[in-house]
Every structure is written in C-alpha cells, then in structure tokens.
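In case you want the letters, here they are:
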Amino acid sequence: VAAAASATTLTAVNRILQLSQIAPVDSLDSGGASSAGRAESELGKTSTRIQARGWHQNTETDILYTPSGGAITLGSDVLRIDSYGRSAHLDIMQRGTTLFLRDETTSSGSTYTSTGFGSDDLHVTQVRELSFDVLSGLLADYIACESALQFFRLYRDKADKRSSRMTDMLQNIMSELQISRTH
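The paragraphs below set out a description of the structure included in this document. (Residues numbered from 1 in each chain as written. Predicted model: local features only at pLDDT ≥ 70, side-chain atom pairs only at ≥ 80, totals over all residues. Heavy atoms only, no water.)

Another aspect to go through is the environment of Arg 80. For Arg 80, the position within the fold is in strand S3 (residues 78-83). Since its relative accessible area comes to 40%, Arg 80 is described here as partly exposed. Sequence separation between Arg 80 and Gln 51 is 29 residues; the distance between their C-alpha atoms is 9.8 Å. Setting aside residues no more than four positions away along its own chain, Arg 80 makes contact with Ala 52, Arg 53, Gly 54, Gln 94, Thr 125, Gln 126 and Val 127. Polar contacts involving the side chain of Arg 80 include one to the main-chain carbonyl oxygen of Ala 52, which spans 2.9 Å. (Helix = DSSP H or I, 4+ residues; strand = E, 2+ residues; numbered from the N terminus. Buried < 20%, exposed > 50% of the residue type's maximum accessible area, 1.4 Å probe, protein only. Contact = heavy atoms within 4.5 Å. Polar contact = N/O pair within 3.5 Å; in protein donor to acceptor, adjacent residues only side chain to side chain.)

As structure tokens, this is what we get:
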C-alpha cells in the first residue's frame, strides 16, 4: 500500500514541478530541501487545508464515540468534528486529539473540560484527512494544482503568464468539483 501511495504522491509532486517548469524526479525526497522535497511538503500542507473543508469522500456522519473515563480521544486524522443528531445540543471542541465539552459559561467566558462526557455515547459528524492515494482523481488534481500554484508563488519568479495559466486550470477543476458535489 505504501508503494501505491508513494507512486501517487510522486505523480503529484512531478505535476507540481512540471507546472513550475522544473524537471521531474524519479523518487520522493520527503523532508528534503530539494525542489521535490519542497513540492512534497507543499502538497501535504495544501492537502490538509483543502480536505479540512470537508468533502463527500472524507466526511463521516453519525459516528459514535463512547467515552472512556468520561474522556474522548480522537484519531490523529480527524481534522474537524461537530456534535450531531441526539448529541447536537452539546457544544464540543477539538484540540489536537482530545475532545472537549463546554462545561459552563461565565462572565469571563466559556470553560471546557475533557472529562465531562460521562458514559453517554456521543454522535458526531467528522472530517478525516485521507491519504493522497485514496482521494478521487478530481480532488487529487485540485490539490495538486493548488499546491503547484502555492509552490510557484513561494519558490519561483513572481506572478507571470504561467501563474495566470495555473489559476485558470484551478478554476476549471474547482468548477468541475462544484458540479460533482451537487450531483
């Protein structure tokens, strides 16, 4: 499975490099200072940011969490979470992998506790960060193009015709995504 993820990530990194008019690479340079390493880093940051919006493919509805000792620990891939259904009245907040429940509201503001869930199950809707290799082709393309635009702005010459061309490509892909989200 890791090989498939690397191949897909490598393809996206090479697309970023290609759109920035940099020669493609044969392997990833995770965490490296090379152009490929920087492109991969930008791909990861952009993927997290875009996936956090919540898409049909990474949003799970009516997920059940059972507290342990009154606390709920989330997976490290949970980007966003909100109470749902029978639990919709609860005001919850995520900090890292810990879920907090609003304890009380005072004149100085709200307080939250990580152990106030008791033993009642919590129903939520959550957005998970998926690995790049399981994203739909359209969303992966959008993330790769957005990453390329950010990479280009950070590491290449200031805006010129190539930047405008990438912006046009991104708008076309985003339009396709909007159409697919409504059907």
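On to the environment of Thr 46. Looking at the element boundaries, Thr 46 is found in helix H2 (residues 35-51). Judged by its relative accessible area of 0%, Thr 46 is buried. Sequence spacing of Thr 46 and Ala 148 is 102 residues, and the spatial spacing of their C-alpha atoms is 9.6 Å. The contact partners of Thr 46, leaving out residues within four places of it in the chain, are Ile 143, Glu 146, Ser 147 and Gln 150. Only 2.9 Å separates the side chain of Thr 46 from the backbone oxygen of Glu 42, close enough to count as a polar contact.

As a further point, take the packing of aromatic side chains. In this description, a pair of aromatic rings is defined by centroid distance and the angle of the planes. This structure, assessed with the given rule, holds zero aromatic pairs. The ring of Phe 100 carries the charged tip of Arg 95 above its face, separated from the ring centre by 5.0 Å. (Phe/Tyr/Trp six-rings, centres within 6.5 Å; stacked < 30°, edge-to-face > 60°. Lys NZ or Arg CZ within 6 Å of the ring centre and 35° of its normal.)

Read across the sheet, three strands follow the order S1-S7-S3 without closing on themselves; strand pairing throughout is antiparallel. Two strands close off the open sheet at either side, each with one partner strand: strand S1 (59-65) and S3. Looking at each pair of strands side by side, their axes are set apart by 35° on average, direction ignored. Across five bridges, S1 lies against strand S7 (residues 122-128) in antiparallel orientation. Residue pairing across strands places Tyr 65 opposite Leu 122, the latter belonging to S7. (Pairing = 2+ DSSP bridges. Axes fitted to C-alpha atoms, helices over the stretch in contact; angles between N-to-C directions.)

Before going further, it helps to examine H2. A rise of 1.5 Å per residue sets the reference length of H2, with its 17 residues, at 24 Å; its end C-alpha atoms lie 24 Å apart and thus fit the reference within 8%. Taken together, the buried positions of H2 are Ala 36, Gly 37, Ala 39, Glu 40, Glu 42, Leu 43, Thr 46, Ser 47, Ile 50 and Gln 51. (Expected span 1.5 Å × (residues − 1).)

Once that is clear, we can look at the environment of Arg 49. Along the polypeptide, Arg 49 turns up in helix H2. Using a relative accessible area of 38% as the deciding quantity, one classes Arg 49 as partly exposed. If sequence neighbours within four positions are ignored, Arg 49 has contacts with Glu 146 and Gln 150.

On to the packing of H2 against helix H3 (residues 137-155). As a packed pair, H2 and H3 sit with axes 8 Å apart at the nearest point and diverge in direction by 125°. As judged from the angle between their axes, H2 and H3 are oblique. Between H2 and H3 lies a crossing of right-handed hand. On H3, the residues touching Ser 35, Arg 38, Ala 39, Glu 42, Leu 43, Thr 46, Ser 47, Arg 49, Ile 50 and Gln 51 of H2 are Leu 139, Tyr 142, Ile 143, Ala 144, Glu 146, Ser 147, Gln 150, Phe 151, Leu 154 and Tyr 155. Tallied by class, residues from the contact of H2 with H3 come to 10 nonpolar, six polar and four charged. (Parallel < 35°, antiparallel > 145°, perpendicular 65-115°, else oblique. Left-handed = near helix turned anticlockwise from the far one by under 90°. Nonpolar A, V, L, I, M, F, W, Y, C, P; charged D, E, K, R; others polar.)

All told, the structure shown has six salt bridges when counted by the stated rule. When the shortest N-O distance is used, the salt bridge between Asp 77 and Arg 128 registers 2.5 Å. A residue pair is termed long-range when its members are at least 10 positions apart, and Asp 77 in the loop between strand S2 (72-73) and S3 and Arg 128 in strand S7 qualify at 51 residues. Using a relative accessible area of 26% as the deciding quantity, one classes Asp 77 as partly exposed. (Salt bridge = Lys/Arg side-chain N within 4 Å of Asp/Glu carboxyl O.)

Residues Leu 17, Leu 43, Phe 132, Leu 139 and Ile 143 are the most contacted members of the largest nonpolar core, which totals 22 residues. Of all the secondary structure elements, the ones that give two or more residues to this core are helix H1 (2-19), H2 and H3. Ignoring any residue separated from it by four or fewer positions in sequence, one finds Ile 143 in contact with Leu 43, Thr 46, Ser 47, Ile 50, Gln 51, Phe 132 and Leu 135. Counting residues in hydrophobic clusters, the runner-up holds 11 residues, among them Tyr 65, Ile 72, Val 78 and Leu 101. (Core = buried A, V, L, I, M, F, W, Y, C linked by side-chain atoms within 4.5 Å.)

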